[in-house]
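# Report on the structure
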Amino acid sequence: MNREQVLHVARLARLSFTEDELEEMARGMNAILAYIDLLKRVDTAAVAPMAHATAPANVFREDEPAPSLSPEEWLQAAPWRSGPFAGVPRFVEE
Amino acid sequence: MLNRHAVELGILAALALECRVAPESVFARKNYFYPDLPKGYQISQYEQPLATDGRLTFAVAGEPRTVRIRRVHLEEDAGKSLHGDDAVRAAGHAEGYSLLDFNRCGVPLIEIVTEPDLRAPEEARSFLETLKLVLEYTGVSDVKLEEGSLRCDANISLRPKGSGESGVAVEIKNLNSFRFVQRALAHEIERQAALLDAGRPVVRETRQYLEATGTTAPLRGKEEAQDYRYFPDPDLVRLVVDAAWQERLQARLPEMPAAKHARYLDELGLPEHEARVLTSSLPLSSFFEQAIAQGGEPRAVANWTVGELCRLMNAHAVSPCELKLTPAHLVELLQLLDAGTLSRPLAREVLEASLLTGNSPRAVAQARGMTQISNEAELTLLVDRVLSAHPGPVADYLGGKERALGFLVGQVMRASGGRANPQTVGRLLKEKLGREG
């Protein structure tokens, strides 16, 4: 990971970093990727991919309404609101 | 945690579309940073969807066509977003903002993807209408496009003449009605053909349909990242659908519209038009089936339901769900008609009153003193009066003009306030005029 790649990911995540932090991030990510490279040396051709540490299936909840955050509470977290809508800086171009 | 009911609705939709339901499927995170889903990813299915390899047969101009269904999967809905200066201004807000309504965010959604088997905009529309009906019958959605409980994106590419390869596909969003789907596709065909004819490439992109102009325009995200970094959702475990579960759901699947249509034609002997109108509305076909279950003669019930009842519902803006008139009421009305108690015009009047009030036809007829006059002595008096009042038509009829008889019958009906039995009146008139038979 170089500085540009970290900047790209940061922009997608809407995060901003100082130059020092950028460098630190790149170093940290490279260390993680190096460790993944190490793991990749293990031959897993005969092993099915595992997504969970435990392996149950079909954990369901019933379709029962339950209290949740009210629209009022929800909208307090919006950067800007009007009526039932949360307003955000426009995110498509025309 | 996964909502069991949502999973079952997804399986029902898949079975209705004759899909193969996967014995095991997996939920994935589709990662993207977009304000319509604030947690930064959408729960969806990617490599192992709920179901694959289905089909749906529909009719285009009376000819059957089959579209293959590539996959049916479950995901969560995102918030509804409003952008564009017009939409934002219409909602009373400043430009430069997108507005988000999070009410449907996180609600389970069934996504159905077809293979590229549709060849024309009108085919796409017929397919969608049939799909909507199947989903409505299956009960997985109330299929209201205007409320967003059924939505559609359309992909379209052109294939150069003589080439087996389809060109670059463009995705169209913001299609709020099937009419718009047809228009947007027709417009895209023109737009892409013009580009290709000019030797210019079609760009792979997402476009939005603009209702005002009937055209499409690019819908560009400000993010260029198309890497969704799908990975299995750590919070959601595998979904395993065994044969027993699938069979239980298969048994819950109601008769599909095509099968119902065929049964109405073959077993009940309904005319094509009536079979089609009844099966293209679930509430209407339920009404019809309840009426015949209560002893109504299928063809008469169908005729009155599709004809008079639909006309009255339109005239009074009553939807089949809001109907106060019960199937039993219609059966009762037809019995009154059959017994000669009510003439057709009176039966129509009674039907309208029952539809508006919910009172039974018998009660309406009694309250209004509407019983048909079949008493010949009473009718003979009316016939005599009409004959002496209209010597002209009488002479015409005697001179061979059959149509004059209709006029005279009409006059007697009028004199009786619509209560005379028209067959009896016709016979009495002929007898009086000496042209029996």
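Just above, that's the structure.
What comes next is a walk through the structure. Counting starts from 1 at the beginning of each chain's written sequence and moves along it residue by residue. Chain A is the first chain written and ligand 1 is the first ligand written, with later ones labelled in order. Since the coordinates come from a predicted model, pLDDT governs what is reported: local features require at least 70, and pairs of side-chain atoms require 80 or more to be given and counted, while whole-chain, interface and lining totals use all residues. Water and hydrogen atoms were dropped before computing side-chain values, which therefore reflect all heavy atoms in the structure.

## A word on a nonpolar patch on the surface
Residue and element names in this part refer to chain A. Note that patches include only residues with greater than 30% relative accessible area and no salt bridge, and the join distances are 9 Å for like charges and 5 Å for nonpolar side chains (Val, Leu, Ile, Met, Phe, Trp, Tyr). Throughout, the Shrake-Rupley method with a 1.4 Å probe supplies accessible areas, and for residues the shown protein chains are the sole cover considered. Here, a salt bridge means any side-chain nitrogen of Lys or Arg that lies within 4 Å of a carboxyl oxygen of Asp or Glu. A grouping of M1, V9, I32, L33, Y35, I36, L38 and L39 is seen on the molecular surface, where their side chains present a nonpolar patch of about 690 Å² in accessible area. With six residues, helix α2 (residues 19-39) is the largest single contributor of residues to the nonpolar patch. Locating I36 in the fold gives a position in helix α2. Starting at the N terminus, helices and strands are each numbered in turn, a helix being any DSSP run of H or I of at least four residues and a strand any DSSP run of E of at least two.

## Thoughts on the sheet that holds strand β2 (residues 20-21) of chain B
All names here are of chain B. Paired strands, in this sense, are two strands between which DSSP finds at least two bridges. Pairing in this open sheet of four strands is antiparallel, and the strands run β2-β6-β7-β10 from one edge to the other. Of all the strands in the sheet, just β2 and β10 (108-114) have a single pairing partner and so form its edges. The sheet contact formed by strand β7 (residues 63-76) and β10 spans seven bridges and is antiparallel. For E76, the partnering residue across the bridge sits in β10 and is P108. Between two residues, a contact is recorded if the distance between any of their heavy atoms is within 4.5 Å. Lines fitted to the C-alpha atoms define the axes, with helices restricted to the stretch that makes contact. Angles between their N-to-C directions range from 0 to 180 degrees. This element, helix α3 (residues 121-138), spans β6 (51-60), β7 and β10 of the sheet and lies at about 115° to β6.

## Observations concerning the pairing of β6 of chain B
Residue and element names in this part refer to chain B. Here β2 pairs with β6 via two bridges, running antiparallel. Each residue of the ladder has a partner; that of V21, found in β6, is A51. Pairing geometry for β6 and β7, over nine bridges, is antiparallel. Considered in β7, the bridge of L56 is made with V67. With antiparallel pairing between neighbouring strands as the criterion, β6 and β7 make up a hairpin whose turn holds two residues, including A61 at a positive phi of roughly 50°.

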